[in-house]
Amino acid sequence: MKSLVFATNNRHKLEEVSSILSGKYHLVTLNGINCHEDIPETSDTIEGNALMKARYVVEQYGYDCFADDTGLEVEALDGRPGVFSARYAGEGCSYDDNVTKLLHELNGQTNRKARFKTVIALIMGGKVHLFEGVINGNIIHERRGTSGFGYDPVFIPHGYDQTFAEMPPELKNTISHRALAVNKLAEFLK
């Protein structure tokens, strides 16, 4: 089985992506290549952050690699939290802090439309390839479910009546924004 560097140490992302690429690739994390720095994510776009992380690994460590970035874009909040989704409630905040801030900002809003967007940047053989996955849905008024991470307890994808946090991982990992992007990556890598 081939190895591929995934520029992350996020256990949740690694589990999701590993289950999707299961049997096809062995994923090596940043720790696995002895990269212990905090890679800057200072772009003002999701695409830019994914590319920034992948370029860092290629330039500093010499490995072909892929990186992802994900944002929750809420229509009533003009696309926020977007690129700032992971630190929406401030630096060092928890997933729960972010959800609390989101629900507070949506208090009284009738428009609950949102979308998750993941962009994967793969740099292989010096060439850049981008893969995008988007899933539309709505933000509910209170948390439901204990699986997943991030905004999963308040996001219901269109066509479903469960939040991502209520879904079995096998279902979420076939329909989510990350799954859509990773499946495009896997198709490309065949």
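Residues numbered from 1 in each chain as written. Predicted model: local features only at pLDDT ≥ 70, side-chain atom pairs only at ≥ 80, totals over all residues. Heavy atoms only, no water.

Asker: An account of the nonpolar core is needed here, citing residue identities and associated values.
Answerer: Ranked by internal contacts, the top residues of the largest apolar core, which has 20 residues, are Leu 72, Val 74, Leu 102, Ile 139, Tyr 151, Val 154 and Phe 155. Among the secondary structure elements, those contributing two or more residues to this core are strand S3 (65-74), helix H3 (95-106), strand S5 (113-124), strand S6 (127-139) and strand S7 (155-157). Per-element tally for this core: the top contributor is H3, with four residues. Once residues within four sequence positions are removed from consideration, Leu 72 is found in contact with Gly 79, Arg 80, Pro 81, Gly 82, Ser 85, Leu 102, Ala 114, Arg 115, Phe 116, Ile 139, Tyr 151 and Phe 155. Judged by nonpolar contacts, the second largest core, of 17 residues, contains Val 17, Ile 20, Tyr 25 and Ile 120. (Core = buried A, V, L, I, M, F, W, Y, C linked by side-chain atoms within 4.5 Å. Buried < 20%, exposed > 50% of the residue type's maximum accessible area, 1.4 Å probe, protein only. Helix = DSSP H or I, 4+ residues; strand = E, 2+ residues; numbered from the N terminus. Contact = heavy atoms within 4.5 Å.)

Asker: How would you explain the side chain of Lys 172 if you had to name every residue and give the values?
Answerer: Inspection of the secondary structure puts Lys 172 in helix H4 (residues 169-175). Residues within four places of Lys 172 in sequence aside, it is in contact with Glu 16, Gly 148, Phe 149, Asp 152, Phe 164, Met 167 and Ala 179.

Asker: A description of the environment of His 141 should follow, citing residues and the corresponding values.
Answerer: Within the element layout of this structure, His 141 appears in the loop between S6 and S7. Between the C-alpha atoms of His 141 and Ile 33, which are 108 residues apart in sequence, the distance is 42 Å.

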